[in-house]
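Per-entry structural report
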Amino acid sequence: MTTSNAPLPTYQAKDYKSELKPIWCPGCGDFGVVQAIYRALAAIGRPPHEIAFVSGIGCSSRIPGYTTAYGFNSVHGRALPIAQGIKIASPELLVLVAGGDGDGFSIGGGHVAHAVRRNTDITYIVMDNQIYGLTKGQLSPTSPKGLHTVTSEYGSLEEAVNPLLYVLAYGANFVAQGTPADMAGLAEVIEAAIRFPGFSFVNVQSPCVTFGEDDQQVKNHRATMQSLAKLGHDPTDRLAAMGLAQKYGKELHTGVFYKNPDPPPTMNALIKERQQVLSEKAPPRSRIFDRFLQT
Amino acid sequence: MTDKTRSIDLANISLRDALDLAVLVEEEAKDRYEEFADQMELHHNPEAARFFRFMLAIEAKHESRLAERRRGLFGDEPRAVKREMIFDIEAPEYDEVRANMTLRQALDASLRAETKAFEFFEAAAEMVQMKDVQDIFTELREEEREHQALVRQEIDRLPPEGPARDDDDEIVAL
Ligand SMILES: Cc1ncc(C[n+]2csc(CCOP(=O)(O)OP(=O)(O)O)c2C)c(N)n1
Ligand code: SF4
Ligand SMILES: [Mg+2]
């Protein structure tokens, strides 16, 4: 026996790759991210027709079209509410959400907190390139302070949003980070996020080679990234995770920041429970109409 | 080396699995060159696209030769090594290309890819226990050396480097 005893996947990564050829700029970090997603899905082994992939608008939001899953390239900043609706209406689907830092933390920023607290069982993958890529290089909420862009000619005056700390502070139960510089590691965290029962968040440092900063490119990631597992980080310690998350923008940590060892019930589980309680109390449908007639 | 494979015990790999690994390494490189050629065509860089198609043909030939050998030795025996277990062993990394890259830059990217494949098979040959597997990895290492020579030859034939194309690729906003 020359390979480990891990069960072999029924589906291969190529089964999740669509016929559509990506139109991203050559060298874009998103190429590595979609490959990692194919591999994570192959490891999970759900057939493509049982997967719904929702995105907003942006270069990164093109991802659903490059997969064979059901895709919804929706509205800028609105991927999370749509994905939650899909999961609640069709609990049997595996629901993935993807988008950019602008999509998720600027126009769509208000939805993140609620997705976290509702704890719907979806996986949110943000391709954080610290820029608005699709619209040609404007400041994004995660752009570092001082960044010169077409909308910050003399350098940005604003502090960057910290996506890791943001979701941890709202109580997210699974928070991880990856980079296409370590595709194996990225595929692993995406797989772990999908397997986690509840809302899971993966921030991917996915460089924009056209409008991004040179020192944030994949080659630099390769040289500077630090694996949280190798640092001996305990992913069940939320406070330690928050301590490490504070280094966002200064150090590149990869792997799982936080994974709740005792995951709370998901929104779907709570709904099911409520439906059971109510179905015992509720009058038969035929009598609901009578109630209106009585008043 | 370990970041290039997952769940493969290279030290104890069998001849069949080693051949399957070799086929997949070439398949991965072939697919990547095809993607790069498509990208270059889409971004109006026919020179780099042509070169990537040339490399694609070389990898495809190598892949089919190895696959034939595997079939000859092991017939239709199922494969234990899967594509999901390997990561960019010979395939150039995605960040190696740019829309405006020159032909020389495309050749350099390919040379780096052939070099890393050479290093992979060299390390693998040192690691394995079985003689027949060691022989195959050594043979593959030498083939990667030949590929490097081929790319170097192309580099030497190039005229002195001109400036990179500076056309901005238009991204269409939605
Ligand atoms: C309601 C609305 N506002 C603005 C836009 C224009 N727009 C499209 S994508 C985008 C930002 C893209 O940045 P990001 O989400 O970070 O994705 P990236 O392209 O960097 O992957 C903007 C402002 C839009 N499409 N819809
Ligand atoms: S503009 Fe940036 S984010 Fe968009 S495809 Fe090009 S490199 Fe990628
Ligand atoms: Mg962005």
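Everything that follows concerns the structure shown earlier in this document.
Here the structure is a predicted model, which means the values were calculated and not measured.

Digging into the site of ligand 2
In the vicinity of ligand 2, the residues found are W24, C25, C28, C59, N129, G133, C208, V209, T210 and F211 of chain A. The class makeup of the residues in the shell around ligand 2 is 7 nonpolar, 3 polar and no charged.

So, a nonpolar patch on the surface
Residue and element names in this part refer to chain A. Residues I288, F289, F292 and L293 make up a contiguous nonpolar surface patch of roughly 470 Å² in combined accessible area. Position of F292 among the secondary structure elements: in helix α10 (residues 285-294). Exposure remark for F292: the relative accessible area of 60% places this residue in the exposed category.

Some points on the pairing of strand β4 (residues 122-128) of chain A
Residues and elements named next belong to chain A. Within β4, 7 of the 7 residues are buried, which leaves it mostly tucked inside the rest of the structure. The side-chain alternation of β4 yields two buried faces, one formed by I122, Y124, V126 and D128 and the other by T123, I125 and M127. Here strand β3 (residues 94-100) runs beside β4; their pairing, made up of 6 bridges, is parallel. Residue pairing across strands places V97 opposite Y124, the latter belonging to β4.

A look at the site of ligand 1
Taken together, 17 residues surround ligand 1, and among them C59, S60, D101, G102 and D103 of chain A come closest. More than one chain lines the surroundings of ligand 1; the residues nearby belong to chains A and B. Separating an oxygen atom of ligand 1 from a backbone N or O atom of D103 of chain A is a distance of 2.7 Å. One of the backbone N or O atoms of G133 of chain A is found 2.9 Å from an oxygen atom in ligand 1. Against a free-state accessible area of 590 Å², the protein chains account for coverage of 78% of ligand 1. Among the elements that line the shell around ligand 1, the one with the most residues is helix α3 (residues 101-107) of chain A, at 4 residues. Looking at the shell around ligand 1 residue by residue, the classes come out as 7 nonpolar, 8 polar and 2 charged.

Re the coordination of the magnesium ion (ligand 3)
Residue and element names in this part refer to chain A. For the magnesium ion (ligand 3), the protein coordination sphere consists of D101 (OD), N129 (OD1) and I131 (O), at 2.1 Å. Written as a sequence motif, the donor residues of the magnesium ion (ligand 3) are D-x27-N-x1-I. Side by side, N129 and I131 carry an identical accessibility label, which is buried.

Section: the pattern of salt bridges
Within the structure shown, the criterion is met by 27 salt bridges over all chains. Among the ionic pairs, D95 of chain B bridges to K219 of chain A, the shortest N-O distance being 3.6 Å. Of the two residues, D95 of chain B is situated in the loop between α2 (46-74) and α3 (103-127) and K219 of chain A in helix α7 (residues 218-224); the pairing between them involves two chains. Taking the relative accessible area as the measure of exposure, D95 of chain B reaches 7% and is therefore buried. Take K219 of chain A: its relative accessible area is 47%, and that puts it in the partly exposed class. For the salt bridge of D38 of chain B with R53 of chain B, the shortest nitrogen-to-oxygen distance reads 2.8 Å. You can see D38 of chain B sitting in helix α1 (residues 15-42) and its partner R53 of chain B sitting in helix α2, a full 15 residues away along the chain. According to the relative accessible area criterion, R53 of chain B is partly exposed, its value standing at 29%.

Each value, and the rule that gives it
Residues numbered from 1 in each chain as written. Chains lettered and ligands numbered in written order. Predicted model: local features only at pLDDT ≥ 70, side-chain atom pairs only at ≥ 80, totals over all residues. Heavy atoms only, no water. Near = heavy atom within 4 Å. Nonpolar A, V, L, I, M, F, W, Y, C, P; charged D, E, K, R; others polar. Patch = residues over 30% accessible without salt bridge, like charges linked within 9 Å, V, L, I, M, F, W, Y side chains within 5 Å. Areas by Shrake-Rupley, 256 points an atom, 1.4 Å probe, with all protein chains shown as cover. Salt bridge = Lys/Arg side-chain N within 4 Å of Asp/Glu carboxyl O. Helix = DSSP H or I, 4+ residues; strand = E, 2+ residues; numbered from the N terminus. Buried < 20%, exposed > 50% of the residue type's maximum accessible area, 1.4 Å probe, protein only. Pairing = 2+ DSSP bridges. Polar contact = N/O pair within 3.5 Å; in protein donor to acceptor, adjacent residues only side chain to side chain. Donors = N, O, S within 2.8 Å, 3.2 Å for Na, K, Ca; no water.

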